[in-house]
Amino acid sequence: MPSIDDLEKSCQERILIIDGAMGTMIQQYKLDENDFRDASLKEHPIDLKGNNEMLNITQPQIIEEIHAKYLSAGADIIETNTFGATSIAQSEYGLSDRAYEMNLQAARIAKEAVYKHQQVTGRMGWVAGAVGPTNVTLSASSDVEDSASRAATWDEVYDAYLEQILALIEGGCDIILIETIFDVLNAKAAIKATLDAFDMKKVELPIIISVTFIQEEGDRTVFGQSVEAFWTTVKHAKPFCIGINCGLGATGLRSKLSTLAQICDTRTHIYPNAGLPNPLSPSGFDETPPITAAHIASLVKEGLLNMVGGCCGTTPDHIQAIHDSVQGLSPRIPGEIIEIPTYAGLDTCTIFPDSNLIMVGERTNVTGSAQFRRLITSQDFENAVEVAREQIQNGANIIDVNMDEGLIESETVMTRFLNMLATEPDIASVPVMIDSSKWSVLEAGLKCVQGKPIVNSISLKEGETVFLEQAKMIHRYGAAVVVMGFDEKGQAESVERKVEIATRAQNLLVDKIGFSPSDIIHDPNVLAVATGMAEHDNFAKNYIDATRLIREKFPQSMVSGGISNLSFSFRGNDTVRQAMHAAF
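Residues numbered from 1 in each chain as written. Predicted model: local features only at pLDDT ≥ 70, side-chain atom pairs only at ≥ 80, totals over all residues. Heavy atoms only, no water.

Undergrad: Could you clarify how one ought to interpret the overall build of the chain in this entry?
TA: Scanning the chain from terminus to terminus reveals 21 helices and 19 strands. Reported as C-alpha extents along the three principal axes, the dimensions of the chain are approximately 85 × 50 × 45 Å. With 584 residues in all, the chain has 59% of them scored as buried. Contacts in the chain between residues far apart in sequence, at least 24 positions, make up 75% of those at least 6 positions apart. Carbon and sulfur atoms form 51% of the exposed surface of the chain, whose accessible area is close to 24,000 Å². Treating the 47 positive side-chain charges of the chain as one cloud and the 78 negative ones as another, the clouds have centres 4 Å apart. (Helix = DSSP H or I, 4+ residues; strand = E, 2+ residues; numbered from the N terminus. Buried < 20%, exposed > 50% of the residue type's maximum accessible area, 1.4 Å probe, protein only. Contact = heavy atoms within 4.5 Å. Areas by Shrake-Rupley, 256 points an atom, 1.4 Å probe, with all protein chains shown as cover. Lys, Arg positive; Asp, Glu negative; His and termini not counted. Charge placed at Lys NZ, Arg CZ, Asp CG, Glu CD.)

Structure below.
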């Protein structure tokens, strides 16, 4: 069977072809209700017609025949019939308990189709396990009266994806394809589930990530992320290929694809719908095979693509036309991208070498703002949200959210508040810094943020084992991280200790976990001066000197500091404190 090395080699040599729509082809078989049932479902009370994933169990020969038609039309990669085969999506049909079986059978059917095709033609092919978006969203409210409500929790979505992906791997898939992404938080759950499944199965397969856009003119996802913010959010998965599917046809996706190709350092793809829906067309969509093929070939000629195929409304005839239209055309050569610290909400926050200081708004912090603490402890979340909005209006680039208060259930309150922020586009536009001294609160926050947040913070205080465990989780959630200047010996006070701890943490994060240096922020501790103790007199200078050395040693990484600590000895004398902060 073809290997991943074969896949990489083929991508270098030519444009690879992804298959077309499964649902469009299934419709041509004119199936009835009984075709979607097996012996165990004869008395099932819910109608199953239209539950195409059940056909992997009841009509495997039809699914294999469709795969064979796409392979004969020139497809190199065929997708399993599992777009809706999660326990969450299958709950509509009362078949959540059959999800694993659906995925396992789908993968086996597709692998068998590829094997038979290769035996006859000698052409290699690969099976991509299709992971759809589910029928729930983690970024939008399920109740118009409560913006924090969600139809499902992160854990429920993650568990459904994990079950699906484990079955696809067991069935023999060569690739995991996370597709038709409309809510990037759902996709982050799928990415984490995929990476965790690789660990559990002791494999590492290529990941393809595919987002969708529903507006021809706009350059934002369904839930408002820019193309740049989308790439920033998912690139930690190190996708083999990233691109766009579905949408309103290839022509309406050109500008988004062009942006993506400019900013990413991996392969790109497109497999669009056959234009707009048209109930009078045999395929249900406007574009004939020659039209779709011409649009896609035009994008290939611009040097934007490595893989192409079709989505809704496309048939083997479309795939044949696409295959023929790109023969002899050169694939895009991914460029090398210089890693620059970049975080994301709906938009990106990039720190360039010549950027001014980045302002982190800390008034949404119960430990630092008495007003915000009163709002949170009294459960006045609506006005608490306004505090966040005011900070952004006043110039905050990042919002720090801290709920470490003994009188509240911090995990629950963090979840509720971040869910509310996610439904406010002007607030959700900026990245979130999830701030807590408790790991459980940090993780609760990580499950709520659609973009790429910053975790504040972890340290080596409890040793390398705990540090690496937490760092691995943060990386899989797609976040950047603040590392405090602590280790097993305590807080770093001298310049030498600050640099020593930063160096140790940097090496562990980069070499052991795979963090990009640009996703690491060191905090060498701003400590209080004028305490009356002589050994504290140089604390401010030590921070500045250590910062200079850390930045020289790790130029791609950032340094942060909680400046209010400097003047802690003068609490109550705001005039002095403000003067000290300004001078510092």
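Undergrad: Sorry if this is basic, but what is going on with the pattern of salt bridges here?
TA: Note that side chains of opposite charge can pair when their charged atoms are close. Evaluation of the coordinates by the stated rule reveals 30 salt bridges. The salt bridge partner of D347 is R220, with a shortest N-O separation of 2.6 Å. Residue D347 is found in the loop between β9 (342–344) and β10 (348–350), and its partner R220 is found in the loop between β5 (207–211) and α9 (227–234); the two are separated by 127 residues along the sequence. With a closest N to O distance of 3.3 Å, D545 and R548 form a salt bridge. Remark: R548 and D545 occur in helix α20 (residues 539–553); sequence separation between them is 3 residues, near one turn of the helix. Residue classification places D545 among the buried positions, given a relative accessible area of 18%. (Salt bridge = Lys/Arg side-chain N within 4 Å of Asp/Glu carboxyl O.)

Undergrad: Mind showing me how you'd approach the packing of helix α6 (residues 99–121) against helix α7 (residues 154–170) here?
TA: To characterise two packed helices, one gives the angle between the axes of the helices and the distance between these axes. Viewed as axis vectors pointing N to C, α6 and α7 meet at an angle of 30 degrees, and their least axial separation amounts to 8 Å. Taken together, the axes of α6 and α7 lie roughly parallel to each other. Here α6 runs over α7; the crossing is right-handed. Every residue of α7 that contacts α6 at A99, Y100, N103, L104, A107 and R108 is listed here: E163, Q164, L166, A167, L168 and E170. Class assignment of the residues belonging to the contact of α6 with α7 gives a composition of 7 nonpolar, 2 polar and 3 charged. (Axes fitted to C-alpha atoms, helices over the stretch in contact; angles between N-to-C directions. Parallel < 35°, antiparallel > 145°, perpendicular 65-115°, else oblique. Left-handed = near helix turned anticlockwise from the far one by under 90°. Nonpolar A, V, L, I, M, F, W, Y, C, P; charged D, E, K, R; others polar.)

Undergrad: In this structure, what is going on with the sheet that holds strand β11 (residues 360–361)? I would like to understand it.
TA: Working definition: the strands of a sheet are paired by backbone hydrogen bonds and lie parallel or antiparallel to each other. Taken together, the 7 strands give an open sheet; going across it, the order is β11-β12-β13-β14-β15-β18-β19, and neighbouring strands pair in parallel fashion. Of all the strands in the sheet, just β11 and β19 (558–559) have a single pairing partner and so form its edges. Alignment of strand β13 (residues 432–435) against strand β14 (residues 454–458), held across 3 bridges, turns out to be parallel. For M433, the partnering residue across the bridge sits in β14 and is I454. Contacts from helix α18 (residues 464–476) reach β14 and β15 (480–484) within the one sheet, and its direction differs from that of β14 by about 175 degrees. (Pairing = 2+ DSSP bridges.)

Undergrad: How should I be thinking about the side chain of T364 in this particular structure?
TA: Within the secondary structure, T364 is located in the loop between β11 and α13 (370–377). With residues up to four places along the chain from it excluded, the contact list for T364 reads F372, A384, V387, A388, Q391, I399, D400, V401, N402 and F417.

Undergrad: Explain the sheet that holds strand β7 (residues 267–272) to me, please; I cannot follow it from the model alone.
TA: Strands sit in the order β1-β8-β7-β6-β5-β4-β3-β2 across an open sheet of 8 strands; the sheet is parallel. The two strands at the open ends of the sheet, each matched to only one other strand, are β1 (16–17) and β2 (77–79). Sheet topology note: the β2/strand β3 (residues 126–131) ladder contains 3 bridges and is parallel. Paired with I78 across the bridge in β3 is V127.

Undergrad: How do you make sense of the environment of V157 when you look at a structure like this?
TA: With respect to the helices and strands, the residue V157 is situated in helix α7. Note: C-alpha distance between V157 and L299 (142 residues apart in sequence) is 35 Å. If sequence neighbours within four positions are ignored, V157 has contacts with I88, V136, L138, A152 and A189.

Undergrad: Before we go on, may I ask you to explain the nonpolar core in this structure?
TA: Burial of nonpolar side chains together is a common tendency in soluble globular proteins. Formed by 140 residues in total, the largest nonpolar core has its most connected members in V308 and M403. Setting aside anything within four residues of it in sequence, one finds M403 in contact with V366, F372, I376, I408, S410, V413, M414, F417 and D435. Membership of the second largest hydrophobic core comes to 16 residues, among which are L7, L177, I208 and M307. (Core = buried A, V, L, I, M, F, W, Y, C linked by side-chain atoms within 4.5 Å.)

Undergrad: Mind showing me how you'd approach helix α4 (residues 60–72) here?
TA: Residues separated by three or four positions in an α-helix point in the same direction, a consequence of the helix having 3.6 residues per turn. For α4, which comprises 13 residues, the first-to-last C-alpha distance of 18 Å matches the rise-based estimate of 18 Å (1.5 Å per residue) to within 8%. For α4, the full list of buried residues reads I62, I63, E64, I66, H67, Y70 and L71. Along its buried surface, α4 packs onto α2 (22–27), α3 (55–58), β2, α6 and α12 (316–325). Residue G74 follows α4 closely and has a positive phi angle near 115 degrees. (Expected span 1.5 Å × (residues − 1).)

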